[in-house]
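One-letter residues, chain by chain:
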Amino acid sequence: MKLSRRKVLALGAGFGAAALTGLSTSGIAFADEAATQAAIDAFAAGAEVGEGRISLTAPEIAENGNTVPISVDVESEMTEADHVAAVMILASGNPNPGVITFNFTPMNGVAAATTRIRLAKTQDVIAVAKMSDGSVFMDKKLVKVTIGGCGG
Amino acid sequence: MATKPRVKVPKKAAAGDVITIKTLISHAMESGQRKGKDGNLIPRKIINKFTAEFNGATVFSADIEPGVAANPFIEFNVKVMESGTFDFKWLDDDGSEYTSSKEIAVE
């Protein structure tokens with residue numbers, strides 16, 4: 001648990017964010033709002049988090065939290081000068097908010113990706129996109145989970 | 001146990017086409033959160049990194065955490081301009097590396 005949280009932070013630091021320390025690691029195993037926000041801040045690296053351009057597709061109700069299909073789609077020309085650099089997916093109610101980060105290149109043509117994730121309980125799934133110019137956009141969807149994943 | 005990865009890449013495409021690539025690898029993606037029969041936590045063992053290269057240049061990668069479901073499935077797109085080879089690589093927590101290659105003919 002500690003290791004992966006550190007990894008989330010290291011990832012943010014890799015994008016040039018200031019090192020974040022003193023994250024509370026209380027006995028509660030579930031990520032709190034603070035951890036989720038910290039992950040977003042680290043990813044945004046000081047940029048204002050805007051709305052729009054990115055759209056996250058997730059089911060409204062997931063019967064099985066062990067495998068929930070999600071897709072992200074970001075509006076972008078995907079040229080060398082203006083493309084989506086990365087999209088981070090967060091699950092705010094999981095033991096660790098970090099789920100996956102997609103790293104795009106202009107060769108992708110379109111900035112879209114699909115994967116399957118685990119959700120421990122009903123929660124917001126958050127997608128944050130970072131453009132090549134450093135601007136950041138966010139979208140989130142509430143997913144109702146009938147049976148939680150993450151082996152709870 | 002991780003086995004042979006499965007990757008779907010179109011066999012041919014027209015130059016400038018945006019193709020869809022689907023990848024799947026069998027892996028338990030042990031999250032490190034579950035407790036075994038003895039009451040102790042089962043150590044984390046997941047695929048933590050996926051990369052896709054085309055003719056030697058990285059076109060897409062993903063940093064994966066335990067929140068990704070077992071048998072990680074990743075779908076993405078690539079705009080192809082020339083024929084070549086895709087090399088896919090999955091990195092396991094234990095250091096193992098699983099690879100797969102696919103050719104595409106672009107007209």
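All values derive from a computational prediction rather than experimental measurement.

Draft legend 1. Spotlight on the overall build of chain B. The number of helices and strands found in chain B is 0 helices and 8 strands. In chain B, the order of α-helices and β-strands from amino to carboxyl end is β-β-β-β-β-β-β-β. In terms of its C-alpha atoms, chain B occupies a principal-axis envelope of roughly 60 × 20 × 20 Å. Of all 107 residues assigned to chain B, the portion counted as buried reaches 45%. By sequence separation, contacts in chain B at least 24 residues apart represent 58% of the contacts at least 6 residues apart. Counting only carbon and sulfur atoms, one obtains 49% of the accessible surface of chain B, whose full area is about 5,300 Å².

Draft legend 2. The arrangement of the environment of B:Asn77 in detail. Inspection of the secondary structure puts B:Asn77 in strand β6 (residues 73-79). Overall, B:Asn77 belongs to the buried group, its relative accessible area being 11%. Between the alpha carbons of B:Asn77 and B:Asp17 there is a distance of 9.9 Å; along the sequence they are 60 residues apart. Discounting chain neighbours no more than four positions away, the residues touching B:Asn77 are A:Asn108, A:Val110, A:Ala112, B:Val18, B:Ile19 and B:Thr20.

Draft legend 3. View of the interface of chain A and chain B. With 31 residues of chain A in contact, the opposing surface of chain B contributes 31 residues. Ranking the residues of chain A by area buried against chain B places A:Met107, A:Arg116 and A:Arg118 at the top, with a combined share of 25%. The interface formed by chain A and chain B contains 0 salt bridges. Inspection of the region where chain A meets chain B yields 15 residue pairs in polar contact (both at pLDDT 80 or more). Elements supplying a minimum of two residues to the side of chain A that touches chain B: α1 (2-14), β6 (98-104) and β7 (111-117) of chain A. Considering every element that reaches the side of chain A that touches chain B, the biggest residue donor is β6(A), with 7 residues. For the side of chain A that touches chain B, the residue count by class is 14 nonpolar, 14 polar and 3 charged. Two elements, β7(A) and β6(B), share 3 bridges in a ladder whose sense is antiparallel. Each residue of the ladder has a partner; that of A:Thr114, found in β6(B), is B:Glu75.

Draft legend 4. Region of interest: the pattern of salt bridges. Residue and element names in this part refer to chain B. The final tally for this structure, using the stated rule, is 6 salt bridges over all chains. Note that Lys 45 and Asp 92 form a salt bridge whose closest N and O atoms lie 2.9 Å from each other. Of this pair, Lys 45 sits in the loop between β3 (18-24) and β4 (47-54) while Asp 92 sits in strand β7 (residues 84-92), and the two are 47 residues apart along the sequence. Overall, Lys 45 belongs to the partly exposed group, its relative accessible area being 31%. Residue classification places Asp 92 among the buried positions, given a relative accessible area of 3%. In this structure, Asp 63 engages Lys 49 in a salt bridge whose closest nitrogen and oxygen atoms are separated by 2.8 Å. Of this pair, Asp 63 sits in strand β5 (residues 57-64) while Lys 49 sits in strand β4; the two residues are 14 residues apart in sequence, bridging distant segments of the chain.

Draft legend 5. Highlighting the nonpolar core. Of all hydrophobic cores here, the largest spans 55 residues; its most connected members are A:Val87, A:Ile89, A:Phe102, B:Phe50, B:Phe60, B:Phe86 and B:Phe88. Within the second largest apolar cluster, 11 residues are counted, among which are A:Ala44, A:Ala86, A:Ile126 and A:Val128.

The rules behind these values
- Residues numbered from 1 in each chain as written.
- Chains lettered and ligands numbered in written order.
- Predicted model: local features only at pLDDT ≥ 70, side-chain atom pairs only at ≥ 80, totals over all residues.
- Heavy atoms only, no water.
- Helix = DSSP H or I, 4+ residues; strand = E, 2+ residues; numbered from the N terminus.
- Buried < 20%, exposed > 50% of the residue type's maximum accessible area, 1.4 Å probe, protein only.
- Contact = heavy atoms within 4.5 Å.
- Areas by Shrake-Rupley, 256 points an atom, 1.4 Å probe, with all protein chains shown as cover.
- Buried area = accessible area lost by both parts, 1.4 Å probe.
- Salt bridge = Lys/Arg side-chain N within 4 Å of Asp/Glu carboxyl O.
- Polar contact = N/O pair within 3.5 Å; in protein donor to acceptor, adjacent residues only side chain to side chain.
- Nonpolar A, V, L, I, M, F, W, Y, C, P; charged D, E, K, R; others polar.
- Pairing = 2+ DSSP bridges.
- Core = buried A, V, L, I, M, F, W, Y, C linked by side-chain atoms within 4.5 Å.

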